[in-house]
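A closer look at the structure
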Amino acid sequence: TDDDDDDDDSTAKALIYLDSAATSQKPKQVLDALRDYYTTSNANVHRGAHALSRRATEQYEAARDTARKFVNARSRNEIVFTSGATEAINLVASTLGRKLKAGDEIVVSVMEHHSNIVPWQIVAKDTGAVVKFVPVNEEGELDREVLEGLICPRTKVVSLQHVSNVMGCVNDVDGITRLVRERAHPDVKILLDACQSCPHMPVDVQSLGVDFLAASGHKMCGPTGIGFLWGREEVLNSLEPFMGGGEMIDEVTTEGSTYAKSPARFEAGTPPIAQAIGMARALEYLMDIGMDKIHDNEKELGAYLYNRLSEVEGVTILGPTDVNKRTAIASFVCDGVHPSDLSTFLDMDGVAIRAGHHCCQPLHKALGYSHSARASLYFYNTKQDVDVFIEKLEETLAFFRNMEV
């Protein structure tokens, strides 16, 4: 072949991937599941009498059973496949929003991802409901005292992260749900954004005390374009559809339509079949390892990351200082160096971290910063990865300090 077409790997650096909070890497088993579906079972689901369609339907619905097992849902009918957690949250906001009226209150926190703020702001604008924000305290945790003051009989919706995608703090879901059930409107609904918890720790929806949970497939070794909403079956069936189309109906006439029960009610049109099958294989992969083992490993890794990073001169780590209250996420700012510059230089050394506001502008404003850098680990990272990151970070910071001399 032409020399110009050859890949030159002579200068390639080993990749240290520290951006799993944005998306995870995918195991071979997931790639194989996607390829196998497309090469042996590719057909539309639920609507064909031929063997290929039946095979595709069996695999797609088996994926629902896997997701049910992963979060210990009571029924497979409580698992609704979506394009991701963003769609799952929007589904809940849109359908619950039709039941809200002027003066009703929606409680979220300033630490939320934009996907758990903007949909509620849209609902509030359309209905006259009010969005209330819980701040973070000086320790970088949800301000429980303010939360207690906000929850009242006007509170119809509470929607919070399980784990902050910036600060890595784990919210006290048990305590929050007890408080909400005691003080809010009797028909209050609680949604949990579990994007940063489901991939990293055991999650049991039957013990959490919430009504809905949103999860993202691509953050837990699955493909992009897939996630799921878990909701209590009786609550899901009390909601109107999110979208209209094929498969979500019971009967359609020229006078009107009736709707299927969950989950079909919320899965209009051709679903993400291959992605659901791929995500299920990812969940099986994680369960084979053991979510307890993954959590224990990441607790150790996360503490090591925090401790090593805290030793670096000029670095401020966002969030709790107690490593027992953190996951393996560390967002930080460096004196005199913009996070984007830092990320660019680290990338040149083969270290991939995140830079920006991480879709959390209100949180960054509350903390007094416009942007931050973020290193986030998964079970496939090692302490050696952290050591290389710290080494390259210190070299980069020294470079910028020398430029100021």
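The present account deals with the structure reproduced in this document. A quick note: this is a predicted structure, and the numbers were derived from the prediction, not measured.

Calculation criteria
Residues numbered from 1 in each chain as written. Predicted model: local features only at pLDDT ≥ 70, side-chain atom pairs only at ≥ 80, totals over all residues. Heavy atoms only, no water. Phe/Tyr/Trp six-rings, centres within 6.5 Å; stacked < 30°, edge-to-face > 60°. Buried < 20%, exposed > 50% of the residue type's maximum accessible area, 1.4 Å probe, protein only. Lys NZ or Arg CZ within 6 Å of the ring centre and 35° of its normal. Core = buried A, V, L, I, M, F, W, Y, C linked by side-chain atoms within 4.5 Å. Helix = DSSP H or I, 4+ residues; strand = E, 2+ residues; numbered from the N terminus. Contact = heavy atoms within 4.5 Å. Polar contact = N/O pair within 3.5 Å; in protein donor to acceptor, adjacent residues only side chain to side chain. Pairing = 2+ DSSP bridges. Axes fitted to C-alpha atoms, helices over the stretch in contact; angles between N-to-C directions. Parallel < 35°, antiparallel > 145°, perpendicular 65-115°, else oblique. Left-handed = near helix turned anticlockwise from the far one by under 90°. 1 Å grid on protein atoms, 1.4 Å probe; cavity = no way out; pocket = protein on both sides within 12 Å on 5 of 7 lines; lining within 4 Å. Points joined across faces, edges and corners; volume = space filled by probe spheres on them. Salt bridge = Lys/Arg side-chain N within 4 Å of Asp/Glu carboxyl O.

Thoughts on the packing of aromatic side chains
The final tally for this structure, using the stated rule, is 10 aromatic pairs. Note on tyrosine 378 and phenylalanine 379: the rings are 4.6 Å apart at their centroids and 70° apart in plane angle, and the pair reads as edge-to-face. Exposure remark for tyrosine 378: the relative accessible area of 0% places this residue in the buried category. Accessibility expressed as a relative area gives 16% for phenylalanine 379, which makes it buried. Put simply, the rings of Tyr285, Tyr378, Phe379 and Tyr380 pair up and form one aromatic cluster. Positioned above the aromatic ring of tyrosine 304, the side-chain terminus of lysine 383 is 5.3 Å from the ring centre.

Looking at the nonpolar core
Core analysis: the biggest nonpolar cluster contains 66 residues, and Phe81, Cys198, Leu213, Met220, Phe228 and Leu286 have the highest contact counts within it. Considering every element that reaches this core, the biggest residue donor is helix 9 (residues 273-289), with 9 residues. Ranked by size, the runner-up nonpolar core spans 27 residues in total, among them Ala328, Phe332, Val337 and Leu377.

Examining unusual backbone geometry
Of note, the bond from serine 262 into proline 263 is cis; its omega dihedral lies within 30 degrees of zero at 5°. Positionally, proline 263 belongs in the loop between strand 10 (256-259) and helix 9. Phi angles above zero are rare outside glycine, and cysteine 221 is one such case at about 75°. With respect to the helices and strands, the residue cysteine 221 is situated in the loop between strand 7 (212-216) and strand 8 (227-231). By relative accessible area, cysteine 221 is classed as buried at 1%. Positioned with a positive phi, cysteine 359 is a non-glycine residue whose angle comes to about 60°. Looking at the secondary structure, you find cysteine 359 in the loop between strand 14 (354-356) and helix 12 (361-367).

Regarding the environment of aspartate 104
For aspartate 104, the position within the fold is in the loop between helix 3 (85-97) and strand 3 (105-109). Filtering out sequence-adjacent residues up to four positions away, aspartate 104 remains in contact with Lys99, Ala129, Val130, Arg154 and Lys156. Of the polar contacts made by the side chain of aspartate 104, one reaches the backbone nitrogen of lysine 101; its length is 2.8 Å. At 3.2 Å, the side chain of aspartate 104 and the side chain of lysine 156 are in polar contact.

Quick word on the sheet that holds strand 5 (residues 155-161)
Pairing in this open sheet of 7 strands is mixed, and the strands run 2-8-7-6-5-3-4 from one edge to the other. The open sheet has two edge strands with one neighbour each: strand 2 (79-82) and strand 4 (130-134). Taking each pair of neighbouring strands and ignoring which way they run, the sheet shows an average axis angle of 20°. The sheet contact formed by strand 7 and strand 8 spans 5 bridges and is antiparallel. By the bridge assignment for strand 8, serine 216 is matched with glycine 227. The strands that helix 2 (residues 51-71) touches are strand 2 and strand 8; relative to strand 2, the one it contacts most, it runs at about 115°.

A look at the side chain of serine 343
Within the fold, serine 343 resides in helix 11 (residues 339-348). Taking relative accessible area as the criterion, serine 343 reaches 14% and is therefore assigned buried. The contacts of serine 343, once residues within four sequence positions are left out, are Ile353 and Ala355.

Looking at the packing of helix 2 against helix 9
Across the interface, helix 2 lies against helix 9 with an axial gap of 8 Å and an inter-helix angle of 40°. One element, helix 2, and the other, helix 9, form an angle in the oblique class. As for the relative orientation of helix 2 and helix 9, their crossing is left-handed in sense. The segment helix 2 lies against helix 9, with Gln59, Tyr60, Ala63, Thr66, Ala67, Lys69 and Phe70 engaging Ile273, Ala276, Ile277, Ala280, Leu283, Glu284, Leu286 and Met287.

Digging into empty space enclosed by the protein
Following the criterion strictly, the structure yields 1 cavity of 30 Å³ or more and no others. Reported here for the largest cavity is a volume of approximately 50 Å³. As for the largest cavity, its lining consists of Val158, Leu160, Gln161, Val173, Ile176, Thr177, Ile190, Leu191 and Leu192. Taken together, the elements giving at least two residues each to the lining of the largest cavity come down to strand 5, helix 6 (173-183) and strand 6 (189-193).

Some words on the pattern of salt bridges
On inspection of all chains with the given rule, the structure shows 25 salt bridges. The shortest N-O distance in the salt bridge between glutamate 284 and arginine 281 comes to 3.6 Å. You can see glutamate 284 and its partner arginine 281 sitting in helix 9, 3 residues apart, about one turn around the helix. Overall, arginine 281 belongs to the partly exposed group, its relative accessible area being 24%. Two residues, arginine 308 and glutamate 311, come together in a salt bridge whose shortest N-O distance is 3.4 Å. The network of salt bridges with shared partners includes Glu61, Arg64, Asp65, Arg76 and Glu267.

A few points about the pairing of strand 9 (residues 249-253)
Here strand 9 runs beside strand 10; their pairing, made up of 4 bridges, is antiparallel. The residue of strand 10 that forms the bridge with isoleucine 249 is tyrosine 259. Linking two consecutive strands that pair antiparallel, namely strand 9 and strand 10, is a turn of 2 residues.

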